[in-house]
Structures are given as C-alpha cells and as structure tokens.
Amino acid sequence: MADRPTPRRLIIENCAVATVDAGDTRYERGHLVISEGVIEAVGPGPAPEPPPGEGIPGRRVDAEGHLATPGLVNTHHHFYQWLTRGMATDHNLFDWLVALYPVWARIDEPMVGAAARASLAMMARGGVTTASDHHYIFPRGSGDLLGATITAGREVGIRLTATRGSMDRGESDGGLPPDFAVESTEEALRGTEEAVDTHHDPSFGSMLHIAAAPCSPFSVSTELMREAAVLARRKGVRLHTHGSETVEEEKFCHELFGMGPTDYFETTGWLGEDVWMAHCVHMTDADIVAFARTGTGVAHCPSSNARLAAGTARVPDLLRAGVPVGLGVDGTASNEAGELHTELRNALLVNRLGPHREKALTVDDALRLATMGGARVLGRDAEIGSLEPGKLADLVLWRLDGLGHSTIADPVAALVLGPPAPISLALVGGKPVVEDGRLLGVDEETVAREARAQARRLAEAAP
Ligand SMILES: [Zn+2]
C-alpha cells in the first residue's frame, strides 16, 4: 500500500477533549493543533488563528459529536496467539499452558507474521496507537520471528515495544514447558542481545523499542533471569515478564525458591523503574510496598485474569501506593476479543466487585490506566499518554453521537462504560492510521484471510 502522508499541520475542533494531563483536564468543546506530528496547542473553544503570514496550509477537521483522547497503550500481549484462539476454554493457567505449548512449539515465521498483523490490526482499529508484544517461544529453524512481528508493526503503523522473550527451564529442570519448547540459556541471551543491537531505537518519537523478557519464574532459570537483567541494564532497555499471576505460580515459587514471586524477583534484580510485569494478581501488602519503593510497573489484564480464573489484581491499592499501572490485552489465546476497550471497561468493573467498592476506580481512572498509565509502564511518558503541547500527536477521535453513546452526557463515561465507540480518526505522530473505522496501512479482509490460512497450517502441523 502507498505510504500515507503526514499532514504538516492539522487542526481538530468542536470536540470534547480528555487530555489525561496531571490534573485530568477536560474541555467540553475544545481544539487541538498539530504541527509536524507534535501537539502544538490544546485548549477550550475554537483553535486560535495563526498570526498573519504564518499560517501553514494544512487539514482542518470538524469533530462535532466526538471525544478526543490520547491513543490507547497496550502493555502486554502475545501476538502469535492469534492463531490459537478459542482453545482450552475451561482451563486454569497451568493446564491451559500445558495444553497449548505443543501447538505453539510448531510456529514459524509466516505464522507469526500473519498473527502479528492480525493482532496489531485488531488493536489499531480499536484506538491503540502503541502496543507491546511478548514473544517467548523460538522453535529451532522457525525463521526470524521477531523480524516478522516488527514488519507487521511497520505495516499497521503503530508504535511497538517488541520484547525478545525466552524460556530455558523445561520439564527436566522442574519447569512447566516441555523440553522441546525451550532454548538454552546461552541461545536466549544471545538472541536477546542481537534483537536489541539490530532493532532498538531509543530516539524521541521512536516507532520501535526492544525489551528483554524471560517468560515467567516457572519457565525460566534463575541464571537467565539474573543475566537478562544485567544485559538489559548494560544495553539501556527495559525488562518485562509475567509475575504473581496465579496461586499455582505462588506455590511453585515457594517450593522451588523458598519465597514468593516478588521476593524472588527482588533477589534476581527484577524490581526497578525499568521493569514492568504482567498480571501481579496475588500481591501481599509487602509486595505492593516493594513495587512502589522500586517503581516497578504493572500490566493489568482483567479479561485474561478472568478467563483463566487467576483472580483480580489489587489495582486501587497499587495506584494508591504509587505503582505505575497500565492495561494489557494479554495473548488472544486467553482473551479472544484482542482489543483494549474491553480492558478499560473490565478494569473498572472487576475492581468494583464487592460491597462498598463503587469508588474503587472511576471512568477517568480507567482512561488514565489505558493511556498515561501505559505510557509510564513502557517508559514513554515524556512522549505519549496525554494530550499536551510538545507531546507526540498520538490521539483518537471517538464518535459518540451515534446509537451506542448519544444518550450518555459524560463523554468519558460513554467511552468507558458504553459499547466500543466507532473511530473517525486515529493518529500516530500526526499520521492517520485509522479513518472512518478503516485501517489505512493494511487491508482488513486480507489480514483476516491470511491469519486463517496460517491458523490452518498450524493446526495441521500440531500433534
Ligand atoms: Zn501474558
């Protein structure tokens, strides 16, 4: 497809604006001015006219009936799982993993490319402008799996934090995955270092970050956990893993390491401002204090946690303690919907379950988790996550005057509590990636057809 031009100057007017700045400033009717991909101005009323002679010709959008928000940030996903959705639907985490590892161990480069394109397309057309992928399974001879994911990200046009995951603790070392699904410690570390050296771009406005991401305490050796942390700090990249997801994981850590997951992470160098962890469901008060003290981030994945009966993360307690918290879709083998709107809604709903919890999370809290919270968790809060002058123009115009939303007066309540809102425009660095509900970088039908063909290939190859 032809490259989409970035308009030099774009003015958006007549819409509600939720800036998600430090004061949660909202404008009932406001404007945004975008210049060279960066937000130049945001405020109430119509956009100011440029001084005579300084007006750069550009595009003007009348966004009557819309809400403008920062683009959504997804902090945890496994793109390859798009090919294994709807399987093992009544299992807890460990049983589900044991059922799926043998299938996942057959993936190859074309499969991962098709799955990544579909995962990214699904998220982008739902308002995600930055996504993170955690890929941790690298069968021998399967091709350049990380490269396939990165290419898909470039095609769809959203920002990507592609993590180079790994597993080196197979069954024979007391781990959960079968031995044929894991790498050696050396292969995992070498692959991670290569990924950083080849792909990581730390510049302002970068479209691609790499992070180091051994999979979980029950699939990774202590040596790999320790060495990955050393490597990431030497290279200046972030660290990501799964933590405190289920009671089974807690039991595993106590039996094997003589301590709970958070203490284990601390002893292996895995708490810090450069670390974010998926789930963090089974956290004691002391664990929360440790996360807050070290600035360790959390990717809250409410749908996946419910699907696998893992439990409910203590998000209000984490936020009160000052822990950075973002939202995650998680892999689509445990969250078949694969889009982030559900997570805003479910984060609010599941955290209110129980008497007297009606104020546990507000609609503004939910929007903050999905935007600024995610930006902080991915280490990009100086660039994205809020609509403020100087930040990158990653934003979404949600149409709220249609059937699904027109009777809800508060636009943020309409977005969070209502059905998924249609998107009239989504921008990444000022460049349109979605217009009138359609993706501009890839053709949706082609993506769906190719993903289906690769899912069939995988099903035929699987034992
Ligand atoms: Zn996960």
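Residues numbered from 1 in each chain as written. Predicted model: local features only at pLDDT ≥ 70, side-chain atom pairs only at ≥ 80, totals over all residues. Heavy atoms only, no water.

**Observations regarding the pattern of salt bridges**
- Tallied over the entire structure, the rule returns 29 salt bridges.
- One salt bridge in this structure joins E435 and R59, with 2.9 Å as the shortest N-O distance. With a gap of 376 residues between them, E435 in strand β16 (residues 431–435) and R59 in strand β4 (residues 59–62) connect regions that are remote in the sequence.
- Using a relative accessible area of 29% as the deciding quantity, one classes R59 as partly exposed.
- The salt bridge partner of R399 is D401, with a shortest N-O separation of 2.8 Å. (Salt bridge = Lys/Arg side-chain N within 4 Å of Asp/Glu carboxyl O. Helix = DSSP H or I, 4+ residues; strand = E, 2+ residues; numbered from the N terminus. Buried < 20%, exposed > 50% of the residue type's maximum accessible area, 1.4 Å probe, protein only.)

**With respect to helix α2 (residues 109–124)**
- Over its 16 residues, α2 extends 22 Å from the first C-alpha to the last, a length consistent with the 22 Å expected when each residue adds 1.5 Å.
- Across the 16 residues that make up α2, a large majority, 13, are buried. (Expected span 1.5 Å × (residues − 1).)

**A look at unusual backbone geometry**
- Phi is positive for V20, close to 55°, though the residue is something other than glycine.
- Assignment of secondary structure puts V20 in the loop between β1 (9–18) and β2 (26–35).
- Taking relative accessible area as the criterion, V20 reaches 4% and is therefore assigned buried.

**Describing the packing of aromatic side chains**
- Inspection of every chain in the model, using the stated rule, returns nine aromatic pairs.
- Look at Y101 and W104: their rings are 6.2 Å apart centre to centre, the planes differ by 85°, and that puts the pair in the edge-to-face class. Of this pair, Y101 and W104 are both found in helix α1 (residues 93–104), three residues apart, which corresponds to roughly one turn of the helix.
- With relative accessibility at 1%, the residue Y101 sits in the buried group.
- Here the aromatic cluster, defined as three or more aromatic residues joined through ring pairs, consists of F94, F218, F252, F257, Y264 and F265.
- If you follow R85 out to its NZ or CZ, it ends over the ring of W82, 3.8 Å from the centre.
- For R164, the ring lying beneath its charged end belongs to F138, and the centroid distance is 3.7 Å. (Phe/Tyr/Trp six-rings, centres within 6.5 Å; stacked < 30°, edge-to-face > 60°. Lys NZ or Arg CZ within 6 Å of the ring centre and 35° of its normal.)

**Examining the packing of α2 against helix α3 (residues 145–156)**
- One way to put it is that α2 packs onto α3 with a least axis distance of 8 Å and a crossing angle of 35°. At the point where α2 passes α3, the crossing takes the right-handed sense. Residues E109, V112, G113, A116, R117, L120, A121 and A124 of α2 form the contact with α3, whose participating residues are L145, A148, T149, A152, G153, E155 and V156.
- Class assignment for the residues of the contact of α2 with α3 results in nine nonpolar, three polar and three charged. (Axes fitted to C-alpha atoms, helices over the stretch in contact; angles between N-to-C directions. Left-handed = near helix turned anticlockwise from the far one by under 90°. Contact = heavy atoms within 4.5 Å. Nonpolar A, V, L, I, M, F, W, Y, C, P; charged D, E, K, R; others polar.)

**Some thoughts on the coordination of the zinc ion**
- The zinc ion binds to the protein through H76 (NE2), H78 (NE2), H242 (NE2) and D330 (OD), with metal-donor distances spanning 2.1 to 2.3 Å.
- Between the four donor atoms coordinating the zinc ion, the angles at the centre fall across 89 to 174°, so the site counts as irregular.
- Within one chain, the residues donating to the zinc ion are spaced in sequence as H-x1-H-x163-H-x87-D. With H78 in the loop between β6 (72–74) and α1 and D330 in the loop between β13 (325–327) and α11 (341–350), the pair connects residues that are 252 residues apart, well separated along the chain. (Donors = N, O, S within 2.8 Å, 3.2 Å for Na, K, Ca; no water. Tetrahedral: all angles 85-135°; square planar, octahedral: opposite > 155°, others 65-115°.)

**Topic: the side chain of E183**
- Along the chain, the position of E183 falls in the loop between β8 (159–166) and α4 (185–199).
- The class for E183 is buried, based on a relative accessible area of 12%.
- Looking at E183, its side chain comes within polar contact range of the side chain of R164, at 2.8 Å.
- Discounting chain neighbours no more than four positions away, the residues touching E183 are F138, R164, G165, S166, M167, D168 and A188. (Polar contact = N/O pair within 3.5 Å; in protein donor to acceptor, adjacent residues only side chain to side chain.)

**Comments concerning the pairing of β16**
- Bridge count between strand β15 (residues 423–428) and β16: four bridges; the pairing is antiparallel. Opposite A426, over in β16, you have V434 as the bridge partner. (Pairing = 2+ DSSP bridges.)

**Let's talk about the nonpolar core**
- W96, W104, L120 and W398 are the most contacted members of the largest nonpolar core, which has 121 residues in total.
- Looking at this core, the element that brings in the most residues is α2, giving nine residues.
- Sequence-distant contacts of W104, defined by excluding residues within four places in its chain, comprise Y80, Q81, T84, W96, L97, Y136, I137, P139 and A333.
- Among the nonpolar cores identified, the runner-up in size contains 17 residues, and L10, V61, A63 and A68 belong to it. (Core = buried A, V, L, I, M, F, W, Y, C linked by side-chain atoms within 4.5 Å.)

**Digging into the packing of α11 against helix α12 (residues 363–377)**
- Here α11 crosses α12 at 130°, and the two axes come no closer than 9 Å. Put simply, α11 runs oblique to α12. Judged by the sense of rotation from one axis to the other, the crossing of α11 with α12 is right-handed. Taking contact as the criterion, the partners of L344, A347 and L348 in α11 are, on α12, V363, A366, L367, L369 and A370.
- Here the contact of α11 with α12 is composed, by residue class, of eight nonpolar, no polar and no charged. (Parallel < 35°, antiparallel > 145°, perpendicular 65-115°, else oblique.)

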